[in-house]
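# Tertiary structure, described
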Protein chains: 4
Amino acid sequence: MSLNTFGHVFRVTTWGESHGPALGCTVDGCPPNVPLDEAGIQRWLDRRKPGQNKYTTQRREADEVRILSGVFEGHTTGTPIQLMIENTDQRSKDYGEIAETFRPGHADIAYWQKYGIRDYRGGGRSSARETAARVAAGAVARAALAALAPELAITGYMTRMGAHGIEGPRDFAEVGANPFWVPSAQTAETWASYLDDLRKSGNSCGAEIEVTASGVPAGLGAPVYGKLDTDLAAAMMSINAVKGVEIGEGMAAARLTGEENADEIFLGNDGMPVYSSNHAGGVLGGISTGQDVVVRFAVKPTSSILKPRASITKSGQPTEVVTKGRHDPCVGIRAVPVGEAMMACVLLDHLLLDRAQTGGVRGEIG
Amino acid sequence: MSLNTFGHVFRVTTWGESHGPALGCTVDGCPPNVPLDEAGIQRWLDRRKPGQNKYTTQRREADEVRILSGVFEGHTTGTPIQLMIENTDQRSKDYGEIAETFRPGHADIAYWQKYGIRDYRGGGRSSARETAARVAAGAVARAALAALAPELAITGYMTRMGAHGIEGPRDFAEVGANPFWVPSAQTAETWASYLDDLRKSGNSCGAEIEVTASGVPAGLGAPVYGKLDTDLAAAMMSINAVKGVEIGEGMAAARLTGEENADEIFLGNDGMPVYSSNHAGGVLGGISTGQDVVVRFAVKPTSSILKPRASITKSGQPTEVVTKGRHDPCVGIRAVPVGEAMMACVLLDHLLLDRAQTGGVRGEIG
Amino acid sequence: MSLNTFGHVFRVTTWGESHGPALGCTVDGCPPNVPLDEAGIQRWLDRRKPGQNKYTTQRREADEVRILSGVFEGHTTGTPIQLMIENTDQRSKDYGEIAETFRPGHADIAYWQKYGIRDYRGGGRSSARETAARVAAGAVARAALAALAPELAITGYMTRMGAHGIEGPRDFAEVGANPFWVPSAQTAETWASYLDDLRKSGNSCGAEIEVTASGVPAGLGAPVYGKLDTDLAAAMMSINAVKGVEIGEGMAAARLTGEENADEIFLGNDGMPVYSSNHAGGVLGGISTGQDVVVRFAVKPTSSILKPRASITKSGQPTEVVTKGRHDPCVGIRAVPVGEAMMACVLLDHLLLDRAQTGGVRGEIG
Amino acid sequence: MSLNTFGHVFRVTTWGESHGPALGCTVDGCPPNVPLDEAGIQRWLDRRKPGQNKYTTQRREADEVRILSGVFEGHTTGTPIQLMIENTDQRSKDYGEIAETFRPGHADIAYWQKYGIRDYRGGGRSSARETAARVAAGAVARAALAALAPELAITGYMTRMGAHGIEGPRDFAEVGANPFWVPSAQTAETWASYLDDLRKSGNSCGAEIEVTASGVPAGLGAPVYGKLDTDLAAAMMSINAVKGVEIGEGMAAARLTGEENADEIFLGNDGMPVYSSNHAGGVLGGISTGQDVVVRFAVKPTSSILKPRASITKSGQPTEVVTKGRHDPCVGIRAVPVGEAMMACVLLDHLLLDRAQTGGVRGEIG
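Residues numbered from 1 in each chain as written. Chains lettered and ligands numbered in written order. Predicted model: local features only at pLDDT ≥ 70, side-chain atom pairs only at ≥ 80, totals over all residues. Heavy atoms only, no water.

With that out of the way, let us pick up the side chain of T212(A). Within the secondary structure, T212(A) sits in strand β10 (residues 207-214). With residues near it in sequence (within four places) discarded, T212(A) still touches A153(A), I154(A), T155(A), Y157(A), D292(A), V293(A), V294(A) and M343(A). (Helix = DSSP H or I, 4+ residues; strand = E, 2+ residues; numbered from the N terminus. Contact = heavy atoms within 4.5 Å.)

This is the structure we're talking about:
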């Protein structure tokens, strides 16, 4: 019920504000004896780190993680793992103006209406900086998955940036080779030029991200309110600025007939089921089938833009807002490692849960 | 953590299988002194009830609800409310064949792989009958909302059936006047003819449903993992056959620029904020703003169809599946009242949570 | 967070009032493929059933349990198990008077102050009848434990009735042979005569119950707020009328020195640790050690007595209360099977949790 | 379900090991706008701090708390509050021996059996140092209670140290005037001499602590598994070394008759109920009545003693253990502020919960 916590058995509580002394996460429920050190976590954080190219915020955060508990002699002990990232580049002066003004499309007004107080510096708790803690937690989940389900692999990539989808065929070898994690070298060029223009005009754009997990054991997910896809939907929707989540066919499933949508089942050479297609996104009835688990989510455009927009002040005056600060023209880019992290956390959580529920014993086919 | 339970403070646990003696829900956390009786719940159940027209399954269930606890002299007492619906029309013989065979696109194989046992009669726990219990729980939530937030109104309707969206302008007066809950008389005719054809050919189709809540107080939702939209996404994704969930602009937010997406803020005559648009779907940073809360979800086509599809048997033999039984050609139709019920449960839950967190005190503007 | 629910993974939600149509429990998280039928549950309910001898309330309840869900062909399916017990002998007229009056020592006034409404018939939700649902849930837990930890055995017995403790040595063969579950034939006679006198004088008395579990695997319990003893303490304290809980040495541990209290450790023939004593009650640091788990709890005297006691009415008038109805002179007698049931539920819950956390792998000694 | 977390709405997750870089707690669910700063928390931590007199461990920890999140301009914001206490005086060399040996009565062996790995330095997670984080969390709870229930006052004190109870009448003015928090100057002298002897002989002793809360509003507590006394029992039992918990009359309730135990009810001058006695400890049916809430718990003697005790090593060899290090001869002394902190957390949690459940509206008497 802790509302800054997610997960059932592998539970992650993130804490911290954009411009406080530090942020981080408390990871509870990690199995013992998993190899884990700061370098292993840092590697994933570095993927999300801002300021790495001109397409992300120029805020320069070291984003150095420290393990404060739960690890002994390079292994998890089964006790809570506290991960702390100190905030080092906090130019709070940039935010003086928004102390009194609500940015359209931003959580400013909602936090004020709910709490009657808000840490307005950099968005406080609603800042995208919170996602650094998620990536750190995801690194812990990945370490545990590496031990428990070594075949499992998670890949995130962008499938749309504003007006542009992916051009031509997907080439996953390209994902790490461009700043947009897009599986297409040609598309990366188009997007680069598009985003340059947007940035120069002080505008921003949305993005669509897809995260795929292969090697997921069948049987993960607990009907009916802890379904694997339910938990994935919640995990992705909880990321800042996400407005839609899809599993497999997603919203397009509404357009299909039953005949089109049914993934036909055959027997593979190993006696395990193979499917003619994956409209289901690897999940049936909330339970993984062994097919790739495929999740997609949409990130809205950054609301902090240089374009003037009508708004109001805390004291009830009309005003016009132009947000200077240092902002991502497409915050969706940095959502790729975050989506991967959430996928890792949810899969580990359900893997552990499934051990509780079934002991990992499966119904046999054949 | 109970995985057949949803909600934080207003908690609903559904139980029961399609062809067991009964199904129902345990509703815990309803405030005391809310007027509630069986007739008031029945009214909502009747909306979802199958067999009411030729477009839904011809299974004839009375779906009569009994209140077994938690209500005294017509009012809730604050103790758990047990609602039971007996299963009366269980033609189990229809399901003999699927005991051994996995229907493509259905949860059969996943349940088997997870549990090594499944109540195959009518889909057992994965049957859409489970949603009757959700509607009953939603009726309790509505009763409590009527007492605590009398201005709040929830409306669900279909926005797409397979190949067809809504034609022409929306007329919400039409929602209750056609079997598809579609806000357009003309569209209802098109859909009727389309679905007739599908049904006759033994096929089925998907659907898109939108649920809107007006009169939602600002300040509901608890960042960052109990966001209002996170919980709505989970609630909708947990409904059988749902593959995508959108808040406000939804997946289309990926296509917008920040300038387009920003809902500009003005001051209304009553000194409260008014917005130029509602791309956000009434939720910013996970917190309601007072605008209409707008959720959309896609329901995949019924997988139980007469069209033959390749599959395998439990004993590992290839086979072809044709599902006879009595099935909805568009199960999405009956998902409309279910989506409304989930919206009611989530909003009540957050209204109660917000009382805990803030005592309902709000930040003042002006 | 559901406050009529206990357990982490094996979760039990009880529902129902003393004089409503039925009461029962929703059991979520039971592993699949556990043999279970109504007769197996009934056997345990019959132990708790009132009206079996002159020392318990003369209310005659059949206490017949029905399984409404979660079991298929004699085995659990992994879905929620709904157990219902209909109330058949509800003489509501007996309770007319207490609608307006608060019985001293009873929950009447507290429910009224909290909820502003209460089902006063027979204590409503605060009635000891709620414990029938716990015993039913405990029977499910026992069935699962029989499959997962066949060496585990749970024994409950009374160690004190009012003024009298156990006389002479304990003989556990006697536990089932007397109406007080006391391990001493001689003590049973003393208590019978003592309770007869109390009953005739319209008085009641308290009781102390001990529940022991042998064959508990080492390693159950999750520090630091899900310790095995923490959960046992909560489980026992949640039983009606319980005012104290002890693990092993219990409150007397305050009187000991470290030298006296330390259970010395030796190596058994099988290479496993054996202990010189069991002051710890089988739990160290919240984790089971493999020794017997020993819990004791005190049940206060029934507050519904014939002795006149000063009280007030709902309308604020002084009055004197004499409770007629049909009440247990020592409600603690029936708490023995309830304590056993709670022990079974907690142990199963932690056994499943431990599978999630460690996969059941243990640190080896030697 | 996070097993290093307690509380329903006001949720505290403690983390950290005795000899890691730091320990602390994540406090989620604190209401916004509560005045809070480090000095206010420090004040309570200083009460628990070791090394303040010769009766507690000579380990010298500054125990300086830092607020890392959730507080802005001296007020809580409603977001998670991260409190960190760095470990400064870690003489790990003291613990080399126990890396291989299990101390009798200590959690060493249980952690090893469960996790197959343990941070043996100073007991790691099972160290009493964990309770510093509880005291810090309790300070947050006190700050919120001061705002929401200003009449509420919590007092903890020792009622027994080993062989000695309190001599003569209780004088609560003395509680803060002696190192044992005992409400009796004369008793403090007896205990001082007794403990000196124990310490010199390398022995230790147990303790009994009582915590009382006055000014608790009626109506807190949520039947039946979130009863106020259930949660208090769990909270106290979760403290290191606690073996028994009592509410009001506690274990002695087993010895009473119904006539003796019934707290008679009268009407006070203000029209509110007053009671002739408080056997119930302020809780009926799990709900507070407005009387003082009284909890008692027993702390077992420190197991780290200089007296040689038989034990075994990790590699399965018999050995004899003499624990040198720096240990409390009566760890119960430092449990007094911890018990107070747990009381504060539980009461705040239920106060917030009650706002959710009933909106704080009460049934009126008269």
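Bringing the relation of the copies chain B and chain A into the picture now. Overlaying chain B with chain A gives an RMSD of 0.0 Å, the required rotation being 180° about an axis along which the chain moves by 0.0 Å. This pairing of chains is accounted for by a two-fold axis. Take the interface residues of chain B: 100% of them recur as interface residues in chain A, which is what a same-surface contact looks like. (Least-squares fit on C-alpha atoms with pLDDT ≥ 70 in both.)

Many authors give the size of an interface as the accessible area that is lost as the parts come together. The interface is formed by ten residues belonging to chain C together with ten residues belonging to chain A. Around 840 Å² of area is buried between chain C and chain A when both sides are counted, 64% of it from carbon and sulfur atoms. Scanning the region where chain C abuts chain A turns up zero salt bridges. At the boundary of chain C with chain A, the tally comes to three residue pairs in polar contact (both at pLDDT 80 or more). For the side of chain C that touches chain A, a count of residues per class yields six nonpolar, three polar and one charged. (Buried area = accessible area lost by both parts, 1.4 Å probe. Salt bridge = Lys/Arg side-chain N within 4 Å of Asp/Glu carboxyl O. Polar contact = N/O pair within 3.5 Å; in protein donor to acceptor, adjacent residues only side chain to side chain. Nonpolar A, V, L, I, M, F, W, Y, C, P; charged D, E, K, R; others polar.)

With 115 residues of chain B in contact, the opposing surface of chain A contributes 115 residues. Broken down residue by residue, the surface that chain B buries against chain A is led by K114(B), Y225(B) and K243(B), which jointly contribute 10%. For the pair chain B and chain A, the interface holds four salt bridges. A salt bridge links K114(A) to D354(B); the shortest N-O distance between them is 2.7 Å. The greatest single-element share of the side of chain B that touches chain A, amounting to seven residues, is contributed by helix α2 (residues 108-115) of chain B. In the side of chain B that touches chain A, the residues fall into 57 nonpolar, 36 polar and 22 charged. In this sheet, strand β11 (residues 242-247) of chain B lies alongside strand β11 (residues 242-247) of chain A in antiparallel orientation, the contact comprising three bridges. Along β11(B), the bridge assignment pairs V245(A) with V245(B). (Pairing = 2+ DSSP bridges.)

Sheet architecture is open: ten strands sit in the order β9(A)-β8(A)-β10(A)-β16(A)-β11(A)-β11(B)-β16(B)-β10(B)-β8(B)-β9(B), paired in antiparallel fashion. Two strands close off the open sheet at either side, each with one partner strand: β9 (164-165) of chain A together with β9 (164-165) of chain B. Here helix α7 (residues 335-358) of chain B sits on the sheet in contact with β8 (153-161), β10 (207-214) and β16 (293-299) of chain B, set at roughly 140° to β8(B). (Axes fitted to C-alpha atoms, helices over the stretch in contact; angles between N-to-C directions.)

Considering all chains together, one arrives at 64 salt bridges over all chains under this definition. Residue E130(D) pairs with R134(D) through a salt bridge whose shortest N-O separation is 2.8 Å. Pair noted here: E130(D) and R134(D) are both in helix α3 (residues 130-148), with a separation of four residues, about one helical turn. Neither E130(D) nor R134(D) differs from the other in exposure class; each is buried. Three or more residues are tied together by salt bridges with common partners; here these are R170(A), E210(A), E246(A) and R296(A). (Buried < 20%, exposed > 50% of the residue type's maximum accessible area, 1.4 Å probe, protein only.)

Residues and elements named next belong to chain A. Under the feature "binding site: NADP(+)" (unreviewed entry), the UniProt entry names R48 and K54. You can call R48 buried: its relative accessible area is 1%. Other than its neighbours up to four places away in sequence, R48 contacts D63, A128, R129, T131, A132, V135, R334, P337 and V338. For K54, the position within the fold is in the loop between α1 (38-48) and β4 (65-67). Residue K54 is classed as partly exposed on the basis of its relative accessible area, which comes to 42%. Apart from the residues within four sequence positions on either side, K54 is in contact with D196 and R199. (UniProt positions renumbered as here; feature names shortened; annotations may be inferred.)

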